[in-house]
Amino acid sequence: MEAIILAGGKAERLGDAAQGRPKSLVEIAGRPLAAYQVEQLGAVGVERVIVSCATGQEELFATALGGIGPEVVAVGEPEPMGRGGGIRFAAQARQESGDVYALNGDELVDVDLKRLLDLHRSSGAAATITVVQVRSPFGVVDLEDDVVTGFREAPKLDEWVSCGIYVLGEEALSRFPERGDHETSTFPELAAERRLHALRHEGVWLTVNTPKDLKVADEYIAAHPDWAKGNL
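Residues numbered from 1 in each chain as written. Predicted model: local features only at pLDDT ≥ 70, side-chain atom pairs only at ≥ 80, totals over all residues. Heavy atoms only, no water.

(A) Spotlight on the packing of aromatic side chains. Across all of its chains, the model carries two aromatic pairs by this definition. Centre to centre, the rings of Tyr-166 and Phe-187 are 5.1 Å apart; their planes meet at 85°, and the pair counts as edge-to-face. With Tyr-166 in strand E11 (residues 156-168) and Phe-187 in helix H6 (residues 186-192), the pair connects residues that are 21 residues apart, well separated along the chain. Each ring, one from Phe-176 and one from Phe-187, has its centre 5.9 Å from the other, and the planes form 80°; the classification is edge-to-face. You can see Phe-176 sitting in the loop between helix H5 (170-174) and H6 and its partner Phe-187 sitting in helix H6, a full eleven residues away along the chain. As far as the burial class goes, Phe-176 and Phe-187 line up, both buried. The rings of Tyr-166, Phe-176 and Phe-187 are connected pair by pair, giving a single aromatic cluster. Positioned above the aromatic ring of Tyr-36 is the side chain of Arg-31, whose terminal nitrogen or guanidinium carbon lies 4.9 Å from the ring centre. (Phe/Tyr/Trp six-rings, centres within 6.5 Å; stacked < 30°, edge-to-face > 60°. Helix = DSSP H or I, 4+ residues; strand = E, 2+ residues; numbered from the N terminus. Buried < 20%, exposed > 50% of the residue type's maximum accessible area, 1.4 Å probe, protein only. Lys NZ or Arg CZ within 6 Å of the ring centre and 35° of its normal.)

Okay, structure coming up:
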């Protein structure tokens, strides 16, 4: 199989912590963030990874992510195309047809990719997404008839959100926008047709958007040096 990593993020919210790198190449425990994804993809048999990046950064990504295992091909967007447009544009560089993994390049998630693919193929869905529960940024007050019955610090909420890791079939890819976000166009359309399925993931989900996120991810990976191998 092949995979697409969406790596056009500019790391603006990371500020000086990014050290001038694109967000997907910001270092986590001494390695580029996307290197963990490439390694994990390789562990489940992916042989070719297409990186969707900004024009002019192709060599930077190819050098930083090459030699890990899978072949890495960096495709520069001629102009900002949005997440959906970036995936669709990068998909033109595939050498194989059929299902393809697609990942946001700024997250670390230990979801079982093989299970995600198996679920996708057994369900017959056009696309299958990975969903996670989010934690409340605040402590929660439990009430019963206006009587406070307890407190919970940053509990997981009942809702599920997409964490940006998918398996996409040919039909889904063909319906991705040339510009814009697939999660506000293609995915709602597929959901209305009941052709979008989800894998519920309850393990690690680390986003890297702010210096605080970067510190948390760095500490986690440093404490789990073998975390990447064979998980995502």
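Additional details are given in the paragraphs that follow.
(B) Spotlight on a nonpolar patch on the surface. On the surface, Val-141, Leu-143, Val-148 and Phe-151 cluster together to form a nonpolar patch covering roughly 420 Å² of accessible area. Of note, Leu-143 is situated in strand E9 (residues 140-144). Residue Leu-143 is classed as exposed on the basis of its relative accessible area of 56%. (Patch = residues over 30% accessible without salt bridge, like charges linked within 9 Å, V, L, I, M, F, W, Y side chains within 5 Å. Areas by Shrake-Rupley, 256 points an atom, 1.4 Å probe, with all protein chains shown as cover. Salt bridge = Lys/Arg side-chain N within 4 Å of Asp/Glu carboxyl O.)

(C) Structural detail: the pairing of E9. Both E9 and strand E10 (residues 147-152) contribute to a ladder of five bridges, which runs antiparallel. When the sheet's bridge partners are listed, Glu-144 is paired in E10 with Val-147. Linking E9 to E10, which pair antiparallel, is a turn of two residues; within it Asp-145 sits at a positive phi near 55°. (Pairing = 2+ DSSP bridges.)

(D) Molecular detail of the pattern of salt bridges. Taken as a whole and assessed by the stated rule, the structure comprises 17 salt bridges. In this structure, the salt-bridge partner of Lys-114 is Asp-118, at a minimum N-O distance of 3.0 Å. Placement of both Lys-114 and Asp-118 in helix H4 (residues 113-123) is noted, with a separation of four residues, approximately one turn of the helix.

(E) Here's a closer look at the sheet that holds strand E1 (residues 2-6). Strand order in the open sheet formed by seven strands is E5-E4-E1-E6-E11-E8-E12, with mixed pairing between adjacent strands. In this open sheet, the two edge strands, each paired with only one partner strand, are strand E5 (71-77) and strand E12 (196-201). On average, each strand axis in the sheet is tilted by 30° relative to the strand beside it, whichever way the strands run. Relative to strand E4 (residues 48-54), E1 runs parallel, the two being bridged by five bridges. Each residue of the ladder has a partner; that of Ile-5, found in E4, is Val-51. Strands strand E6 (100-104), strand E8 (127-135), E11 and E12 of the sheet are contacted by H4, whose axis makes an angle of about 130° with E8. (Axes fitted to C-alpha atoms, helices over the stretch in contact; angles between N-to-C directions. Contact = heavy atoms within 4.5 Å.)

(F) Looking closely at the nonpolar core. Ranked by size, the top nonpolar core spans 28 residues in total, and within it Leu-41, Val-51, Phe-61, Leu-65, Tyr-101 and Ile-165 carry the most contacts. Of all the secondary structure elements, the ones that give two or more residues to this core are E1, helix H1 (33-43), E4, helix H2 (58-65), E5, E6, H4 and E11. Of all the elements, H1 adds the most residues to this core, at four residues. Once residues lying within four places of it in the same chain are set aside, the contact partners of Val-51 are Ile-5, Ala-7, Phe-61, Leu-65, Val-72, Val-73, Ala-74 and Val-75. (Core = buried A, V, L, I, M, F, W, Y, C linked by side-chain atoms within 4.5 Å.)

(G) Region of interest: the environment of Gln-133. By the secondary structure assignment, Gln-133 is in strand E8. When the C-alpha positions of Gln-133 and Asp-158 are compared, they lie 6.9 Å apart, and in sequence the two are 25 residues distant. Apart from residues lying up to four places away in sequence, Gln-133 is in contact with Lys-156, Leu-157, Asp-158, Glu-159, Trp-160 and Trp-205. Within the structure, Gln-133 has its side chain in polar contact with the backbone oxygen of Leu-157 (distance 3.0 Å). (Polar contact = N/O pair within 3.5 Å; in protein donor to acceptor, adjacent residues only side chain to side chain.)

(H) Looking closely at the side chain of Asn-209. Mapping Asn-209 onto the fold places it in the loop between strand E13 (205-207) and helix H7 (211-223). A polar contact is formed between the side chain of Asn-209 and the side chain of Lys-23, at a distance of 2.9 Å. Contacts of Asn-209, omitting those with residues within four sequence positions, involve Arg-13, Leu-14, Lys-23 and Asp-106.

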